[in-house]
Amino acid sequence: MKAYLTNYRQSPRKVRIVADLVKGKRVPEALTALRVLVKRAGSPLEKLIRSGVANAKNNSGVLADNLIIKELRVDKGVTLKRSMPRARGSAFPIKKRSSNVMLVLEEKLKKLKSKNVK
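If you're wondering where the values come from, they're calculated on a predicted model, not measured in any experiment.

## Structural notes on the packing of aromatic side chains
Item 1. Scanning the model with the defined rule gives zero aromatic pairs in all.
Item 2. If you follow Arg86 out to its NZ or CZ, it ends over the ring of Phe92, 5.5 Å from the centre.

Take a look at the structure:
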């Protein structure tokens, strides 16, 4: 079960901080952590996880409680190049970076305790 967020207008360096916070957690725990987080990238990543859960529910019929975040990869997207006027008619380059985020969810089944019968 996958979900993508492409060309999100925030630098990958800032988004990775939030992504590393929830990587490997169960979905309900990750959503709770993102809901109370103060970082700007928290809200779009929460929306992305909800989208991935909806994909899993519609395509595979999996409950959200059984899902874990297997992979949450943040790559660089397109960079908008702008310039700022500086002294004596020169220009200073400004790079407005964006991010591409890929989410992979995996079903984690609760292991049942089995007794060894001899």
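## Observations concerning the nonpolar core
Item 1. Grouped together as the largest cluster of nonpolar side chains are 25 residues, with contacts concentrated most on Leu45, Ile49, Ile69, Leu72 and Leu103.
Item 2. Elements supplying a minimum of two residues to this core: strand E1 (2–8), helix H1 (12–22), helix H2 (27–36), helix H3 (42–60), strand E2 (67–76) and strand E5 (99–107).
Item 3. Aside from chain neighbours lying at most four places away, what touches Leu103 is Met1, Lys2, Ala3, Leu48, Ile49, Gly52, Ile69, Glu71 and Leu72.

## Observations regarding the sheet that holds E1
Through backbone hydrogen bonds, the strands of a sheet pair up, either in parallel or in antiparallel fashion.
Item 1. In spatial order, the strands read E1-E5-E2; together these three strands make up an open sheet with antiparallel pairing. Only two strands of the sheet have a single partner each, and these edge strands are E1 and E2. On average, adjacent strands in this sheet sit at an angle of 15° to one another, irrespective of strand direction.
Item 2. In the sheet, E1 pairs with E5 via five bridges, with the strands oriented antiparallel. Bridge pairing in E5 places Tyr8 opposite Ser99.
Item 3. Along the sheet face, H3 touches E1, E2 and E5 and points at about 150° away from the line of E1.

## Quick notes on the pairing of strand E4 (residues 91–96)
As a general feature of sheets, a regular strand has side chains that alternate between the two faces.
Item 1. Among the six residues of E4, zero are classified as buried, and the element is accordingly described as predominantly exposed.
Item 2. Both strand E3 (residues 80–85) and E4 contribute to a ladder of six bridges, which runs antiparallel. By the bridge assignment for E4, Met84 is matched with Phe92.
Item 3. Counted along the chain from E3 to the antiparallel partner E4, the turn is five residues long, and its residue Arg88 has a positive phi close to 60°.

## Observations concerning the packing of H2 against H3
Item 1. Running from N to C, H2 and H3 cross one another at 155°; their axes reach a closest spacing of 9 Å. Our classification of the angle between H2 and H3 gives roughly antiparallel. In the crossing of H2 with H3, the sense of the turn from one axis to the other is left-handed. Across the interface between the two elements, Val27, Ala30, Leu31, Leu34 and Arg35 of H2 pack against Gly42, Leu45, Glu46, Ile49, Arg50 and Val53 of H3.
Item 2. Of the residues in the contact of H2 with H3, the class split is seven nonpolar, one polar and three charged.

Cut-offs applied
- Residues numbered from 1 in each chain as written.
- Predicted model: local features only at pLDDT ≥ 70, side-chain atom pairs only at ≥ 80, totals over all residues.
- Heavy atoms only, no water.
- Phe/Tyr/Trp six-rings, centres within 6.5 Å; stacked < 30°, edge-to-face > 60°.
- Lys NZ or Arg CZ within 6 Å of the ring centre and 35° of its normal.
- Core = buried A, V, L, I, M, F, W, Y, C linked by side-chain atoms within 4.5 Å.
- Buried < 20%, exposed > 50% of the residue type's maximum accessible area, 1.4 Å probe, protein only.
- Helix = DSSP H or I, 4+ residues; strand = E, 2+ residues; numbered from the N terminus.
- Contact = heavy atoms within 4.5 Å.
- Pairing = 2+ DSSP bridges.
- Axes fitted to C-alpha atoms, helices over the stretch in contact; angles between N-to-C directions.
- Parallel < 35°, antiparallel > 145°, perpendicular 65-115°, else oblique.
- Left-handed = near helix turned anticlockwise from the far one by under 90°.
- Nonpolar A, V, L, I, M, F, W, Y, C, P; charged D, E, K, R; others polar.

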